[in-house]
Each structure stands twice: as C-alpha cells, then as structure tokens.
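Commentary on secondary and tertiary structure
Take a look at the letters that make up each chain.
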Amino acid sequence: MHLTPEEKKMLDGEYGEGVALAMRVQVALGEAFDAERMVPITRAHVALSNQEADLWFVERLVRGGARCRIPPTVNPGFSLSCFRNAPDLTRDDISIMERTHAAYKAIGATLTYSCTPYLADNIPLPGEVVAFSESSATPYVNSVWGARSNRESAQSALCAAVTGRVPEYGFLLPEKRKGQVLVEVEAEMKDDFDYQLLGYAAPKKIGALVPVFTGLPKNPTPEALMNLGAQLNTAGAVSIYHIVGVTPEAPTLEAAFGGDTPASRAVITRKDLDDIHKSISLPGGKIDFAMFGCPHFTLRQVRDIARILEGRTLKAELWVLTSFTTKELARRTGLLDIIEKAGGHIVEDTCIDQPCWRHLEGKVGVTDSPKCAYYARRRGMEFVLRPLSECVEAAVKGEVS
Amino acid sequence: MANHDAARNRDAANIGTVTVGAADVSAAVGAAAVSFTCHPISRGVASGEALISRDDICFYLTDPETGVVIEKGHSLEGKSVAGKILIFPGGKGSSVVQADGLYQLMLRGNAPKAMIIKNPDTVLVATAIIMEIPLVDRVDEGFYAAVKDGDRVRVDAEEGRLIMGG
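Residues numbered from 1 in each chain as written. Chains lettered and ligands numbered in written order. Predicted model: local features only at pLDDT ≥ 70, side-chain atom pairs only at ≥ 80, totals over all residues. Heavy atoms only, no water.

1. Regarding the overall build of chain B
Spelled out, the test is: Numbering goes from the N terminus for both helices and strands, where a helix is a DSSP run of H or I of at least four residues and a strand is a run of E of at least two. Exposed residues in this analysis have more than 50% of their type's maximum accessible area, buried residues have under 20%, and partly exposed residues fall in between, with area computed by a 1.4 Å probe over protein chains only. We call two residues in contact when some of their heavy atoms are within 4.5 Å.
In terms of helices and strands, chain B carries four helices and eight strands. In chain B, the succession of α and β elements from N to C terminus is α-β-β-β-β-α-β-α-β-α-β-β. Looking at chain B as a whole, 58% of its 166 residues qualify as buried. Expressed as a percentage of contacts within chain B between residues at least 6 apart in sequence, the contacts between residues at least 24 apart total 73%.

2. Here's the deal with the side chain of Asn 75 of chain A
All names here are of chain A. What counts is decided by this rule: What qualifies as a polar contact is a pair of N or O atoms within 3.5 Å, subject to a donor-acceptor requirement within protein and to the restriction that residues adjacent in sequence count only when both atoms come from side chains.
Its location among the elements puts Asn 75 in the loop between β3 (73-74) and α4 (80-83). Given the relative accessible area of 8%, Asn 75 is considered buried. Within the local environment of Asn 75, its side chain forms a polar contact with the side chain of Glu 134, the two groups lying 3.0 Å apart. Apart from the residues lying within four places of it in its own chain, the contact partners of Asn 75 are His 45, Val 46, Ala 47, Leu 48, Tyr 113, Ser 114, Cys 115 and Glu 134.

3. Focus on the pattern of salt bridges
Residues and elements named next belong to chain A. What counts is decided by this rule: We count a salt bridge whenever a side-chain nitrogen from Lys or Arg sits within 4 Å of a carboxyl oxygen from Asp or Glu.
Inspection of every chain in the model, using the stated rule, returns 39 salt bridges over all chains. Here Asp 194 makes a salt bridge to Lys 190, at a shortest N to O gap of 3.6 Å. If you follow the salt bridges from partner to partner, you end up with Asp 192, Glu 223, Arg 300, Asp 304 and Arg 307 in one network.

4. Examining the pairing of strand β7 (residues 152-156) of chain B
Residues and elements named next belong to chain B. Let me state the cut-off plainly: A strand pair is defined by DSSP finding two or more bridges across the two strands.
Of all the five residues making up β7, four are buried; the element is thus mostly covered by neighbouring parts of the structure. Sheet analysis places strand β3 (residues 45-52) next to β7, joined by five bridges and oriented antiparallel. By the bridge assignment, Ser 47 is partnered in β7 with Arg 154. Where β7 meets strand β8 (residues 161-164), four bridges bridge the pair, whose relative direction is antiparallel. Counted as the bridge partner of Val 155 is Leu 162 from β8. Connecting β7 to the next strand, β8, in antiparallel fashion are four residues, including Gly 160 with a positive phi near 75 degrees.

5. Quick look at the packing of helix α3 (residues 52-63) of chain A against helix α5 (residues 91-107) of chain A
Residues and elements named next belong to chain A. As a reminder of what qualifies: In this analysis an axis means a line fitted to C-alpha atoms, helices contributing only their contacting stretch, and an angle means the value between N-to-C directions, from 0 to 180 degrees. Left-handed is the label given to a crossing in which the near helix is rotated counterclockwise from the far helix by less than a right angle, and right-handed is the label when the rotation is clockwise. Three classes are used, and their members are as follows: Ala, Val, Leu, Ile, Met, Phe, Trp, Tyr, Cys and Pro are nonpolar, Asp, Glu, Lys and Arg are charged, and the others, Gly among them, are polar.
Two numbers describe how α3 lies on α5: the axes approach to 9 Å, and their chain directions differ by 35 degrees. Handedness of the α3/α5 crossing: left-handed. Touching Glu 52, Asp 54, Leu 55, Val 58, Glu 59, Leu 61 and Val 62 of α3 are Ile 96, Arg 99, Thr 100, Ala 103, Tyr 104, Ala 106 and Ile 107, all from α5. Here the contact of α3 with α5 is composed, by residue class, of nine nonpolar, one polar and four charged.

6. Comments concerning the interface of chain A and chain B
To keep things clear, this is the line we draw: Once two parts are brought into contact, the accessible area they lose, counted with a 1.4 Å probe and summed over both, makes up the buried area.
Contacts between chain A and chain B engage 33 residues on the former and 37 residues on the latter. Surface buried jointly by chain A and chain B totals about 2800 Å² across both partners, of which 58% is contributed by carbon and sulfur atoms. If you sort the residues of chain A by the area they bury against chain B, Glu 52, Trp 56 and Arg 378 of chain A come out on top, with a joint share of 27%. Our count for the contact surface shared by chain A and chain B stands at two salt bridges. Notably, a salt bridge pairs Glu 132 of chain B with Arg 60 of chain A, separated by 3.4 Å at the nearest N-O pair. Taken together, the connections running from chain A to chain B amount to nine residue pairs in polar contact (both at pLDDT 80 or more). Every element with two or more residues in the side of chain A that touches chain B is listed here: α2 (17-32), α3, α5 and α7 (154-163) of chain A.

7. Side note on the domain arrangement of chain A
Often, the extent of an interface is quoted as the loss of accessible area on bringing the components together. All names here are of chain A. The test is simple: Domain extents, as shown, originate in an automatic or database domain assignment.
When its domains are assigned, chain A resolves into domain 1 (5-172), domain 2 (178-278) and domain 3 (281-400). On a C-alpha basis, the centres of domain 2 and domain 3 stand 26 Å from each other. If you look at the interface, domain 2 gives 13 residues, while domain 3 gives 15 residues. Of the roughly 1200 Å² buried between domain 2 and domain 3, counting both surfaces, carbon and sulfur atoms make up 57%. On the domain 2 side of the interface with domain 3, the three residues burying the most area are Phe 193, Glu 223 and Thr 234, jointly 37% of the side's total. Taken together, domain 2 and domain 3 are joined by two salt bridges. A salt bridge links Arg 300 to Asp 192, with the nearest nitrogen and oxygen atoms 2.6 Å apart. For the interface between domain 2 and domain 3, the tally reads seven residue pairs in polar contact (both at pLDDT 80 or more). Elements that contribute at least two residues to the side of domain 2 that touches domain 3 include exactly α9 (192-206), α10 (222-235) and α12 (270-280).

8. A few points about the nonpolar core
All names here are of chain A. What counts here: By convention a nonpolar core is built from buried Ala, Val, Leu, Ile, Met, Phe, Trp, Tyr and Cys residues, the set being connected through side-chain atoms within 4.5 Å.
If you look at the biggest cluster of nonpolar residues, it comprises 128 residues, and the most contacted ones within it are Ile 107, Phe 213, Met 291 and Trp 357. With nine residues, α2 is the single largest residue contributor to this core. Once you skip the residues sitting within four places of it in the chain, Trp 357 turns out to touch Phe 83, Asp 88, Met 291, Trp 319, Leu 321, Thr 350, Cys 351, Ile 352 and Met 381. Counting 29 residues, the second largest nonpolar core, distinct from the first, contains Val 320, Val 366, Val 384 and Ala 395.

Printed below as a string of structure tokens:
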C-alpha cells in the first residue's frame, strides 16, 4: 500500500517504537484488506477493557513513547471511587484498574469511561472518517450519524488514535456501505426493548450482510437505535445498518441499496422476536438483582427508573451503569436521590464485564439487555430478560412473572 | 469460567514479554519439500506441526495452561494449539476476549507458532502483529488439499510461502 513520507517515518521508528508498532498494526490491516492508502481520522473511541492484554498493549505503547495524535474517548472499566473498598475486589484487580487509568492518561486519552460516547462526548458529523471500537458504538456512528468507521478492535482503534490514520477499506468506502439484504419487519415495535430483540434476532437470518430495515416506525428514540446496534453487533458482526426513512443514508429504499437489487430478503415477525426472547431469557421467578446500563443508560432511562421507584423500597439490588456526566445530571435533577432512597445505586465509569461484580456470581438477575446477559454469563450470572419497566417492578417485588 | 478468571487475576502482576514463533528453519528444508504461495499479514518465519480447524476459533475458549481448546462441540475440542501451525477459517468473539485469550496463551508459551487463515478480521490481525505471531491468508488451494494434521509445515511470512514435507 502507498504510504506518505510522514507515514513512512512513523513506520520506520522516527517517532519512537510505540508509534512504529501502532503503524505496523495499521499497515498489516491495510495489507489484509487491500487498502491502497491511509486516510486521516478526526475521532476515535477505544474499547478499553481493563483486562491484562489490553493493559499490556497500552503500557507497551506508552513505554515506546507513543502519544495519541487524536485523543480517543474510552470505554468503562470499573469505578475506583465506588468499588475501591468493595469485598469483591482483590489487590490485583485494583492494581490493574489503577495501571489502566495511568497508562491511558499517559497516552493522552480522554478518560470518559463510557461506552456511549456517540450520545455525548464524541459525536461525529456525516461522512467524518473515524475509528470507533465498542460493539454499540461502531454501528451508531456509522448508521445513525453517517460517519465512516470500520469494525475496529480495541487495539486497532488505539493504534489509529496514536497514528491519526486508518487504512482505507471497508465501511470507509461508499460502495461497501450500501445495503445488501432487505429486512422486512412485520412485528410492531412496542417499545425500546423490541429493538433489543430485533437486533438479537436479525443476525441469525442475515449473517454479516449490511441490513436495510423496512416497516419500522419513523421516530425511534436514540435508545432504540443504541439497542438495535448493540445487539446486531453482539449476536453477529453487523457494524452498519440502514432504516428506510430514518437513517441518513436511507432516505428511500433505492438509496439504501445504492441502486443495487437486494442480494437477499428476510422477514421478522412477532414470533421471531418472541422466540429469541424465550431462547435468551431464564423463565420468570425469584431474582436477586436488577442490572441496567449495557450499554450505559441515558438520563431518560434513569428518569424512567426513578418514576417507577419514587416512594417505594427495593427488595432486590438494583444497579444502573451510566456515564459520570449522566450520573451528575441525575444528582442535580433529584433522580439519584429517588433511586438511592429506594435502595438502588447509580454507578459511573463501570462495565458489567468487570471483577467488581463478583458478589453476583451464581445469582439470578433481571435486565433489559441481551448484551448484558451475554457478557455476564462469563462471570456466572444468569438473567431474566424483560422490558425496562417490568425489570424495575421485578426489583421492587424480588420476583418476575 | 470462574476458575479461569481467577487464574488470570492471579497472574495479573506478572505481566512480561515472551518471545514466540522462533524460527526453526532447518527442519523443514528437504528434497521432497513442496511450496505453496500465500499472502503475508504478520511477518516472521516459523515451522511446526499442522493442526487444522474446520471452525472459527475464539482463543478465550482455550485453557491457557495447556493450549487445549475447551469450546464444546468445536472441531478442535480437546486438542492443543500450543506450538502448532494453526490452520483455521478465521477468528470469532469480541475484541476483548479474543486478544486476552491469545495473550494468556502467549504468556505461558502456549500460543500457536503461526496462523494460516481464510478470513482476516481486525482483532486477529492486530493481535498477531502485537504478539509477533506470523499470520498469512490467501493460500494456494493446493495446500488445503494436501495438508493433514501432524504434517510438518514451514510458514515463511517474509517471502509469502508455505513449505510442506522434506
């Protein structure tokens, strides 16, 4: 692939071994996907994970003198201020989080610790070339904002932030963003939870093709679109979708397919949504806790919880994961107070897939997010999946029907 | 999985660099050697025994202490990827678990020596470069027709060649 003199300097180590390593990764990606050149990025989001491999790599870049040309926002690990003294955590857990914080600070990242940067701190314009990792983030910036990102991994997005460049291939090219499969949604979308089920059900029918949805309402909430993308990219590897009449690259069916004929067609009925719901959820019964915020909850979702909890007392633990800015807004608007008085918690900077939840191992939770259930299974939690309001009622009663 | 995580956490403090994929050039060169073309993605040279997977691989679902694939129903279930020339369609799983899985194998010297794939993805490519494991794709179809488990294969990801036998 063609490299500019500046890119050659990076690759040859003139900016240090850290930059050279980041460039080697970018060049290998370019070689693997037949990119002809690198293009500059203006934003990045790194799915920091606070796991050993992630820490090892960022520390190696820092030791090699790398600093981000494009300061990326970053995913959550766990909040040291909330969990430092929690019995769940070992000294090693605390140490990894402290070192992760130090390394990402040193490399020049913007320490947002949120998995929903596309709603607040890192919003691209249409056509902007960006490098976003994180399974809910890549589909959102591609599909809803019309920006251009490939399905970056945490490591490749960090390399892009360091070099300020990405190889030009895949979803950076208009040709590759066109719809490939028509998905006719016959099920009526009753609430944001139905978008979770739609996102989880679709990949089984369409594989990794670019879907174009028809039959969906014209005014979805941001949360519905967040849910749709998060689940499409968890159950499958779908990092861009179009909704006719809703998303910017799909004003019409013809535009969504870029003049091509759909390669295939799928239909999604209420039965499909009900079947996937049954297949990923435990049956109802007693629950030990409620977990929300995978992806991080918005203020509207926090408000929905507070409305139900006002003046009531929880029987089960209730955790709401969100960004530090949303938590602060919840504090100012009184929502935090309502939720805490009921016995619930709002936690900033924290992901479900972290060691701070060890006390929930072997327990049964309720959540509105299939992605939450999918990742938390690794940590020994099982879930009943329900729409948000039913989950909150379940946490008040300690059981779910 | 809980024990698996605990093992990881115990080792968290001892993170260091381990060299993998050391070249063993002499062993694969011989009179009957057959060479096939391939496309290098992560450079380097390695040789060892071939291990063929019909299924995509998530390295998180291997035992880091032995390299044995623990994923139920996987075509490699019960077999070890440690030190092998691993031939598989592609990777699967989130970037977090895939990178961490390969890293845990590498720390214990149980990573594959080289990887031969059909479908590259960003996670596998970035991880191979970072961990200095030779990775190639676009292999001459004749190689797939000829290779069997246990065959000695030399991956030359500098020159873009796979050499069998000899």
